[in-house]
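Here's the letter readout for the chains.
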Amino acid sequence: MCSYSSTNDVFDTGKYTNKLLRVEPESFTQNISPPKSLLIATPLEAGEFSLLLFLHGYLLYNSFYSQLIQHIASHGFIVIAPQLYTVAGPDASDEIHSVAAITNWLCEGLCKFLPPNVTPNFSKLALGGHSRGGKTAFALALRKLNITTNLKFSALIGVDPVDGMDKGKQTPPPVLSHVPHSFDFDMAVMVVGSGLGEVKRNPLFPPCAPKGVNHENFFSECKKPAWYFVAKDYGHSDMLDDDTKGIRGKATYCLCKNGESRKPMRRFVGGVIVAFLKAHLHDDDGELLAIRDRHASLPVEIKFDCFV
């Protein structure tokens, strides 16, 4: 019989007070500066906390994920969200190199910017990303371009990951091989998809998460243990902040097919990430099993889920 945990609802704000910290490379001496600008969501209470390195989507700003990463931090995690670029072409190779450099910087640099009583546990480090950031996360975990890191990742997350453009055209370096269960990971994986991501908003623009290169394909190549959740009536950008400013922020509402509101999808994505991290970093799978078996009240309707 499964044992379900209900002491702290993962879809609601957690018990930890937290804040956002911004760390800019040029603001500090070279020996402690991060390779890229970082947005860090950290608990303020004293303790040792696991980490999530989370990568933004194509041409998006890390600040667009502020509400999401603060939700995760409120449950006792340190979330590091780098700004990998402001302008980029189709090739994600530079991002993969940048994420590896950031990962290698964490041990020597991160503690200098955290609250004094907050201690990162580098042995419990997860990697995740949204859209092209999900592709980049998978690429680094697969050691594409022969890139390795001095820290080991213990869990991998793709939030509506995309490996290319419309009509199944992949962008370099390709991640998907279209061979079922071909990903060679030594860690647990979770893929979260959007039901509307493959739907065009209007005839002039392709869908934001086209069939053939989206969450469905990523999960099909995963081996066990792998989790898969698809939110039915929500779109590719619906886990972002409610107010995403500027031209790029407005474009997230205009280019992708969206649900009625971002809050339910953001709560869902934040909650399943927390449940997954607790299961595979802290050996506490009660909340993740409760979500799978519908013993938890979900903020969205699930179109499809699977565990292998």
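Here is what the cut-offs are and how they apply
Residues numbered from 1 in each chain as written. Predicted model: local features only at pLDDT ≥ 70, side-chain atom pairs only at ≥ 80, totals over all residues. Heavy atoms only, no water. UniProt positions renumbered as here; feature names shortened; annotations may be inferred. Helix = DSSP H or I, 4+ residues; strand = E, 2+ residues; numbered from the N terminus. Expected span 1.5 Å × (residues − 1). Buried < 20%, exposed > 50% of the residue type's maximum accessible area, 1.4 Å probe, protein only. Contact = heavy atoms within 4.5 Å. Core = buried A, V, L, I, M, F, W, Y, C linked by side-chain atoms within 4.5 Å. Pairing = 2+ DSSP bridges. Right-handed = clockwise from strand over helix to strand, strands pointing away. Salt bridge = Lys/Arg side-chain N within 4 Å of Asp/Glu carboxyl O. 1 Å grid on protein atoms, 1.4 Å probe; cavity = no way out; pocket = protein on both sides within 12 Å on 5 of 7 lines; lining within 4 Å. Points joined across faces, edges and corners; volume = space filled by probe spheres on them. Nonpolar A, V, L, I, M, F, W, Y, C, P; charged D, E, K, R; others polar. Axes fitted to C-alpha atoms, helices over the stretch in contact; angles between N-to-C directions. Disulfide = S-S within 2.5 Å.

The protein carries the name chlorophyllase in an unreviewed UniProt entry, which gives Canavalia gladiata as its organism. As stated in UniProt under Sequence similarities (unreviewed entry), the record for the protein gives "Belongs to the AB hydrolase superfamily. Lipase family." We quote the UniProt Subcellular location (unreviewed entry) comment for the protein here in full: "Cytoplasm, Cytosol".

K.L.:
Please give an account of helix 2 (residues 93-109) that cites residues and values.
P.N.:
A rise of 1.5 Å per residue sets the reference length of helix 2, with its 17 residues, at 24 Å; its end C-alpha atoms lie 24 Å apart and thus fit the reference within 8%. Within the sequence span of helix 2, burial applies to Ser93, Glu95, Ile96, Ser98, Val99, Ala100, Ile102, Thr103, Trp105, Leu106 and Gly109. Buried residues in helix 2 make contact with strand 2 (38-43), strand 3 (47-55), strand 4 (77-82), strand 5 (118-130) and helix 3 (132-141).

K.L.:
Summarise the nonpolar core; cite the residues concerned and give the values.
P.N.:
The biggest cluster of nonpolar side chains holds 52 residues, and the ones touching the most others in it are Ile40, Ile80, Leu110, Leu127, Phe138 and Leu156. Tallying contributions element by element places helix 2 first for this core, with six residues. Not counting residues up to four positions away in its chain, the partners in contact with Ile40 are Lys19, Leu20, Leu21, Val23, Ile78, Val79, Ile80, Leu110 and Leu114. Listed in part, the 45 residues of the second largest apolar core include Tyr234, Leu240, Met265 and Val269.

K.L.:
With reference to specific residues and values, describe the pairing of strand 8 (residues 226-231).
P.N.:
By the criterion of burial, strand 8 is predominantly enclosed, with six of the six residues buried. Side chains Ala226, Tyr228 and Val230 project from strand 8 onto one buried face, and the interleaved Trp227, Phe229 and Ala231 project onto a second face that is buried too. For strand 7 (residues 188-194) and strand 8, the ladder comprises six bridges, and the chain directions are parallel. In the sheet register, Val192 faces strand 8, and the bridge partner there is Phe229. As a crossover connection, the stretch from strand 7 through helix 4 (residues 215-220) into strand 8 is right-handed. Bridge count for strand 8 against strand 9 (residues 302-307) is five bridges, and the pairing is antiparallel. Within the sheet, the bridge partner assigned to Phe229 lies in strand 9 and is Asp305.

K.L.:
Requested: an account of the pattern of salt bridges, with residues and values cited.
P.N.:
Under the counting rule described, the total for this entry stands at 13 salt bridges. Across the pair Glu301 and Lys232 runs a salt bridge, and its minimum N-O distance is 3.7 Å. With Glu301 in the loop between helix 7 (286-292) and strand 9 and Lys232 in the loop between strand 8 and helix 5 (246-254), this pair connects stretches of sequence that are 69 residues apart. Linked through salt bridges whose partners overlap, the residues forming this network are Glu198, Lys211 and Glu216.

K.L.:
Could you give an account of the layout of surface pockets, with specific residues and numbers?
P.N.:
Empty space within the largest pocket amounts to approximately 670 Å³. Lining of the largest pocket is provided by 25 residues; of these, Tyr58, Leu59, Ser131, Cys208 and Leu255 occupy positions nearest its centre. Of the residues forming the lining of the largest pocket, the biggest block, three residues, is contributed by helix 5. Tallied by class, residues from the lining of the largest pocket come to 14 nonpolar, eight polar and three charged.

K.L.:
Would you mind going over the UniProt feature "active site" (unreviewed entry) in the protein in detail, with residue names and values included?
P.N.:
In this structure's numbering, the residues bearing the UniProt feature "active site" (unreviewed entry) are Ser131, Asp160 and His236. For the residues just named, distributed over 106 residues, the greatest C-alpha separation is only 7.8 Å, placing them together at one site. In the annotated group above, the largest pocket draws its lining from Ser131 and His236. Following the sequence through the fold, Ser131 ends up in the loop between strand 5 and helix 3.

K.L.:
Requested: an account of the sheet that holds strand 9, with residues and values cited.
P.N.:
Here nine strands make up an open sheet; going across it, the order is 1-2-4-3-5-6-7-8-9 and the pairing mixed. Each end of this open sheet is capped by a strand with a single partner; those strands are strand 1 (18-23) and strand 9. In this sheet, adjacent strand axes meet at a mean angle of 20° when their direction is disregarded. Pairing geometry for strand 2 and strand 4, over four bridges, is antiparallel. Bridging from a neighbouring strand, Leu39 pairs with Ala81 of strand 4. Here helix 1 (residues 66-73) sits on the sheet in contact with strand 1, strand 2, strand 3 and strand 4, set at roughly 30° to strand 2. Where helix 6 (residues 262-281) meets the sheet, its contacts fall on strand 3, strand 4, strand 5, strand 6 (155-159), strand 7, strand 8 and strand 9, and the angle it forms with strand 7 comes to roughly 170°.

K.L.:
Describe in detail the state of the cysteines, supporting the description with residues and values.
P.N.:
In protein structure, a disulfide is the covalent linkage between the sulfur atoms of two cysteines. If you walk through the whole model with that rule in mind, you get one disulfide. The partner cysteine of Cys208 in its disulfide is Cys256, sulfur to sulfur 2.0 Å. Handedness of the Cys208-Cys256 disulfide follows from its S-S torsion of about -95°: it is left-handed. Residue Cys208 is found in the loop between strand 7 and helix 4, and its partner Cys256 is found in the loop between helix 5 and helix 6; the two are separated by 48 residues along the sequence. Its sulfur unpaired, Cys107 is 8.1 Å from the next cysteine sulfur, which belongs to Cys111. Unpaired in this structure, Cys222 has its nearest cysteine sulfur neighbour in Cys306, at a distance of 10 Å.

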